[in-house]
Amino acid sequence: MMFTVSCSCRTLASIALLSCAALLGACSDGSDAVAPGPAPGPTYSADIVWTEFGVPHVSADDYGSLGYGAGYVYARENYCTVMRAYVAANGESARYFGSAGNLNEDLVMKLYNSDAAIARIIDEDLPDYIVDNLTGYAAGVNRYFNETGAANLAQGEEGCRDAPWVREVDLFDVVRLIHRTVLVGSASPLANFIVAANPELEMAQVSVPPGMTGEQMLVASLSQEAFDEGMGLPEVGALGSNAYAIGADASQSSAGLLFGNPHFPWQGQQRFFMFHLTLGDEYDVMGAALGGLPAPVIGFNRDVAWSHTVSTGDRFGFYELTLNPQNKLQYLYDGQYRDLEPRTVSTQRLNEDGSLETIEHTFYLSHFGPVVDLGALEDLLAGWPNVAGTVLAYRDANLENLRGLDQWVTMGKAKNLDEFKSALRSLGIPWVNTIAADRYGDAFYGDISVVPNVPASLAANCVRGLLQNAVTGFGFLTMDGSDPACEWESDEGVVDGIFGYDSLPKLETRAYGANANDSYWLSNPRQLLTGFPSIIGAEEIEQSVRTRHTFSQAERRIAGTDGLGEPGFNIDNLRTLSYQATNHAAALVLDAVLEVCQDPFPGQPADPLPVFLAACEVLENWDGSHRIDSTGGHVFYEFWRELRGRALDALWSVPFDPADPVNTPRDLNIADTDVRNAVADAITLAAITLQDAGIALDAPWGEVQFDERNGVRIPIHGGSGSMMFSVITSNLVDGQGYADIRHGNSYMQAVTWDESDCPQAFNIITYSQSTDPASPHYSDMTELYSSSGWIDAAFCVADVEAAQINRMSISQ
């Protein structure tokens, strides 16, 4: 007997992760009898091989099973980490973690990750195979949870043994977490401002001086410092990266090379996890992804390798709304007043006494997005309306953007850079640049990310009035919300309101391209990219020391003047660059600093303090690097931190020159008395800071900076991104040193090709695969990183089999 199944399994799968086969009885055509058939086979089935350091290689025959395997291997090492993130994505962090949670972000997640919003994404936006993949991923996470049990889950800093918030997850949980990750550059950090908007909040009561309007007074009170410190957006120090794409002309062979090194947190869901996924001849990619993502987002296949760096493009914008004087829940648009839509959400908060409190909040949405209140930046911006008589609304270009899931899979299927670039055209990558190379010697850099489509002409016409110009000038585009002509524009072939591929900056080259989180402008010093809207990034501005280091060492490698052998890149010298851990800030200023050490107060009878002399002696003997056996790097770091914090107009003798962004500004201007005094003071204060913390000035860097795992201190090389290419961001802990590593080098990969079918690839996860202190893979890669080692990545089947340390097949 034949019948037709007429109901969709997408939403049903999100309820209980049941297969369509299990639901056929509920989805039949109403016939009373169904012919018996063979027992159904497993919904998911995956084979897993683990190689050294706990790297899993998952193979399956369908995308659902591939997700099942990926979810399982990730959960085995990081279940508690991802479960905590699922709680936050569901808007329940305050419910379970109390004051350690984020109530305002919970409320925003309840708004943007509502059941209705997630169901729409699943049913309308995601391809069927992606839904299958994500549903399988949830099943894999659940398999680990059920076979382990809550009482046996991980302990430790990120543990969750017997926690009340551990449970099975479903498709909605997986999609919510990915959506929250996509919004990390916009809605999540802006949560406080989104929640602060309240129509009952009166404007600040101030006395406006005669001859001045409220708007003029408001604008006069704003400052760049308030916006920089108060907006809460991820900075390069929180999310960053370095990457090189080397073409044949800069290579010692005819093949391309790729070096990728994202600088991401060492704790939490934004840790990378390394894995290898294979689906027959269709998809075969090794790389890494953030927790909860079902496929590598940085990685390589047989022919192409790629990495990402956080880009400078904006992901959102503000609109200034003119309110109806008779009804402040209406705003003017196209000559008519529109209603603001109230939308009430609720969550719970755990109080100190253990009780639960239900928190309700009402958001008010314009057609752009919710009204926001920036009063935390300046009191006069608070209120509904503010002192200017208006409110601001916020529009997010990445809202409900999960296009990247399909895009990353398509990128992973590419057989050359042309196919890879074609995959970028769907514009799903939310907030990163893409750097890529292939076996044929082609290289690519592009800021092909989601950016509001606001060309220079639109900004020039629609940034109107004092407040809009002021907020825009502080780096946050704000336009007239009453004029339909000020809507974001659209390009052909992409969703409304964002720039398309052809409108975004890119470099296609046989030489090299690179990025270290400054804008697209400098991706190769011989081919500067210009003429793009400022909302994507700035042009002709001074670059960070890390960016300058990135290009300086590339140029010296191409010229063969860096002591690493003949000109050009190969897979060995490419891997060496990061582990050299040289300090570029020191290369720029150390000679001048030592000159100040010799004569800190020329023409003055004052004698320097003993700590000054001790610090100078250490700096004089320092090798200019942050390798674990180097002595003096911590003295220079504290000196550099002190010096950078001072407002010195004449710091450099040679100012920045847009025609030479790699080599300018340079030469510390110690002929200037203020600069010389600042240098001397910074040396003294650096020494005092370290002495007060109980840190010897002449201690080796590996004794000063370390990561403690299960009571063992592992020396960690690398240093602050304010100084150098190899980044480790750590806080100074009294009596220990830089023992609180929060961020930095993470998933590192170096890839090239030869005449064989298999890529030559080396990779490592600096903080290891697992957050479980009981796992054998909690610290093994960290120890490898400490010794400047790499994993010789097993990619082809024979190599994986030869490197196998464990194997299992799973199904359900």
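Residues numbered from 1 in each chain as written. Predicted model: local features only at pLDDT ≥ 70, side-chain atom pairs only at ≥ 80, totals over all residues. Heavy atoms only, no water.

**Q** Would you mind showing me how to read the sheet that holds strand 6 (residues 283–290) here?
**A** The strands making up a sheet associate through hydrogen bonds between their backbones, and the pairing can be parallel or antiparallel. The 10 strands lie next to each other as 19-17-16-8-7-6-5-2-1-30, forming an open sheet whose pairing is mixed. Pairing within the sheet leaves two strands with one partner each, and these edge strands are strand 19 (506–509) and strand 30 (804–811). In this sheet, adjacent strand axes meet at a mean angle of 15° when their direction is disregarded. Judged from the 6 bridges that link them, strand 1 (residues 45–51) and strand 2 (residues 55–60) form a sheet pairing that is antiparallel. Pairing of threonine 51 across the sheet is with valine 55, part of strand 2. Lying over the sheet, helix 12 (residues 417–424) contacts strand 8 (304–310), strand 16 (432–438), strand 17 (443–446) and strand 19, oriented at roughly 160° with respect to strand 16. (Pairing = 2+ DSSP bridges. Helix = DSSP H or I, 4+ residues; strand = E, 2+ residues; numbered from the N terminus. Axes fitted to C-alpha atoms, helices over the stretch in contact; angles between N-to-C directions. Contact = heavy atoms within 4.5 Å.)

**Q** How do you make sense of a negative patch on the surface when you look at a structure like this?
**A** Residues Asp47, Asp61, Asp62 and Asp132 make up a contiguous surface patch of negative charge. Inspection of the secondary structure puts aspartate 61 in the loop between strand 2 and helix 2 (63–89). Under the relative-accessibility criterion, aspartate 61 is labelled exposed at 78%. (Patch = residues over 30% accessible without salt bridge, like charges linked within 9 Å, V, L, I, M, F, W, Y side chains within 5 Å. Areas by Shrake-Rupley, 256 points an atom, 1.4 Å probe, with all protein chains shown as cover. Salt bridge = Lys/Arg side-chain N within 4 Å of Asp/Glu carboxyl O. Lys, Arg positive; Asp, Glu negative; His and termini not counted. Charge placed at Lys NZ, Arg CZ, Asp CG, Glu CD. Buried < 20%, exposed > 50% of the residue type's maximum accessible area, 1.4 Å probe, protein only.)

**Q** Explanation requested: the side chain of glutamine 330 in the structure shown.
**A** Among the secondary structure elements, glutamine 330 is positioned in strand 10 (residues 327–333). Among the polar contacts made by the side chain of glutamine 330, one reaches the side chain of asparagine 324 at a distance of 2.7 Å. Setting aside anything within four residues of it in sequence, one finds glutamine 330 in contact with Thr322, Leu323, Asn324, Tyr337, Arg338, Asp339 and Leu340. (Polar contact = N/O pair within 3.5 Å; in protein donor to acceptor, adjacent residues only side chain to side chain.)

**Q** Help me out: how do you make sense of the packing of aromatic side chains in this one?
**A** Two numbers describe a pair of aromatic rings. These are the distance of the centres and the angle of the planes. Using the criterion set out here, one finds 33 aromatic pairs in the structure. An aromatic cluster of three or more residues is present, and its members are Phe227, Phe316, Phe318, Tyr394, Phe474 and Phe476. Over the face of the ring belonging to tyrosine 501 we find lysine 506, whose NZ or CZ atom lies 4.7 Å from the ring centre. (Phe/Tyr/Trp six-rings, centres within 6.5 Å; stacked < 30°, edge-to-face > 60°. Lys NZ or Arg CZ within 6 Å of the ring centre and 35° of its normal.)

**Q** Where do I start with the nonpolar core in this structure?
**A** Generally speaking, a soluble globular protein has its nonpolar side chains buried in company with each other. By size, the foremost hydrophobic cluster in this structure holds 176 residues, and its most contacted members are Tyr79, Leu126 and Phe272. If one sorts the elements of this core by residue count, helix 2 sits on top with 16 residues. Those residues in contact with tyrosine 79 that sit more than four places away from it in its chain are Tyr74, Val141, Tyr144, Phe145, Leu153, Cys160, Val166 and Arg167. Val596, Phe639, Ala682 and Leu697 belong to the second-largest nonpolar core, a separate cluster that totals 47 residues. (Core = buried A, V, L, I, M, F, W, Y, C linked by side-chain atoms within 4.5 Å.)

**Q** How do you make sense of unusual backbone geometry when you look at a structure like this?
**A** If a residue is not glycine, its phi is most likely negative; likewise, a peptide bond is most likely trans. Backbone torsion omega between tryptophan 384 and proline 385 reads 10°, so that peptide bond is classified as cis. Topologically, proline 385 is positioned in the loop between strand 14 (371–372) and strand 15 (390–396). Going from threonine 664 to proline 665, the amide bond is cis rather than trans, its omega being 0°. Mapped onto the elements, proline 665 comes out in the loop between strand 21 (652–654) and strand 22 (666–668). The phi dihedral of aspartate 334 falls on the positive side, at around 55°, and the residue is not glycine. Within the fold, aspartate 334 resides in the loop between strand 10 and strand 11 (336–339). Positive phi is not limited to glycine here, since asparagine 517 has a value of about 85°. In this structure, asparagine 517 sits in the loop between strand 20 (512–515) and helix 15 (545–559). A relative accessible area of 4% means that asparagine 517 is categorised as buried.

**Q** Even after reading the chapter, I still don't get the packing of helix 15 against helix 17 (residues 584–598), so can you show me in this structure?
**A** Geometrically, a packed helix pair is captured by the angle between its two axes and the distance between the axes. Put simply, helix 15 and helix 17 touch, their axes get as near as 8 Å, and they point 100° apart. Relative to helix 17, helix 15 is oriented roughly perpendicular. On helix 17, the residues touching Val545, Arg548, His549 and Ser552 of helix 15 are His584, Ala585 and Leu588. (Parallel < 35°, antiparallel > 145°, perpendicular 65-115°, else oblique.)

**Q** What should I look at first to understand empty space enclosed by the protein in this one?
**A** Using a probe with the size of a water molecule, rolled over the atoms, empty space left in the structure can be pinpointed. With the rule as written, the count across this model stands at 5 cavities of 30 Å³ or more. The calculated volume of the largest cavity comes to roughly 240 Å³. Lining the largest cavity are 21 residues, with Leu290, Leu293, Val297, Trp408 and Trp431 sitting closest to its centre. Within the residue set of the lining of the largest cavity, elements represented by two or more residues are helix 7 (171–182), strand 4 (257–265) and helix 11 (403–413). In the lining of the largest cavity, the residues fall into 15 nonpolar, 6 polar and no charged. (1 Å grid on protein atoms, 1.4 Å probe; cavity = no way out; pocket = protein on both sides within 12 Å on 5 of 7 lines; lining within 4 Å. Points joined across faces, edges and corners; volume = space filled by probe spheres on them. Nonpolar A, V, L, I, M, F, W, Y, C, P; charged D, E, K, R; others polar.)

**Q** Quick question: what am I supposed to make of the pattern of salt bridges here?
**A** Note that side chains of opposite charge can pair when their charged atoms are close. One pass over the structure, following the stated rule, counts 30 salt bridges. We note a salt bridge from aspartate 284 to arginine 302, for which the minimum N-O separation is 3.9 Å. In this pair, aspartate 284 is assigned in strand 6 and arginine 302 in the loop between strand 7 (298–300) and strand 8, connecting sequence segments 18 residues apart. Note on arginine 302: relative accessible area 25%, which makes it partly exposed. Residues joined in a network through salt bridges with shared partners are Arg120, Glu124, Asp125 and Glu400.

**Q** Where do I start with the state of the cysteines in this structure?
**A** Formally, a disulfide is one covalent bond, and it connects the sulfur atom of one cysteine to the sulfur atom of another. Evaluation of the coordinates by the stated rule reveals 4 disulfides. The partner cysteine of cysteine 462 in its disulfide is cysteine 486, sulfur to sulfur 2.1 Å. Its S-S torsion of approximately -85° makes the covalent link between cysteine 462 and cysteine 486 left-handed. In this pair, cysteine 462 is assigned in helix 13 (residues 456–462) and cysteine 486 in the loop between strand 18 (478–480) and strand 19, connecting sequence segments 24 residues apart. Classification of cysteine 462 as buried rests on a relative accessible area of 0%. For cysteine 486, a relative accessible area of 0% gives the class buried. The disulfide partner of cysteine 597 is cysteine 616, and the gap between their sulfur atoms is 2.0 Å. (Disulfide = S-S within 2.5 Å.)

**Q** Would you take a moment to explain helix 7 for this structure?
**A** Side chains three or four residues apart in an α-helix point the same way, a direct result of the helix having 3.6 residues per turn. Given a rise of 1.5 Å per residue, 12 residues ought to cover 16 Å, and the 17 Å separating the end C-alpha atoms of helix 7 matches this to within 8%. Residues of helix 7 that are buried include every one of Leu171, Phe172, Asp173, Val174, Val175, Arg176, Leu177, Ile178, His179, Arg180, Thr181 and Val182, and no others. Two to three positions downstream of the cap, the backbone nitrogen of phenylalanine 172 sits 3.0 Å from a side-chain oxygen, assigning the N-cap of helix 7 to aspartate 170. (Expected span 1.5 Å × (residues − 1).)

**Q** Can you help me understand the pairing of strand 16 in this one?
**A** Consecutive side chains of a regular strand alternate in pointing toward one face of the sheet and then the other. For strand 16, a buried count of 7 out of 7 residues is recorded, marking the element as mostly surrounded by other parts of the structure. In strand 16, alternate side chains face the same way, and those of Val432, Thr434, Ala436 and Asp438 on one face and Asn433, Ile435 and Ala437 on the other are all buried. Of the pairings in the sheet, the one linking strand 8 to strand 16 comprises 7 bridges and is antiparallel in character. What sits directly across from alanine 305, in strand 16, is alanine 437. Across 4 bridges, the pairing between strand 16 and strand 17 is antiparallel. Pairing of alanine 436 across the sheet is with phenylalanine 444, part of strand 17. Turn length for the strand 16-strand 17 hairpin, with the two strands adjacent in sequence and antiparallel, is 4 residues, and the turn residue glycine 441 shows positive phi of about 90°.

Note that all results are geometric; they support no functional claim without further evidence.
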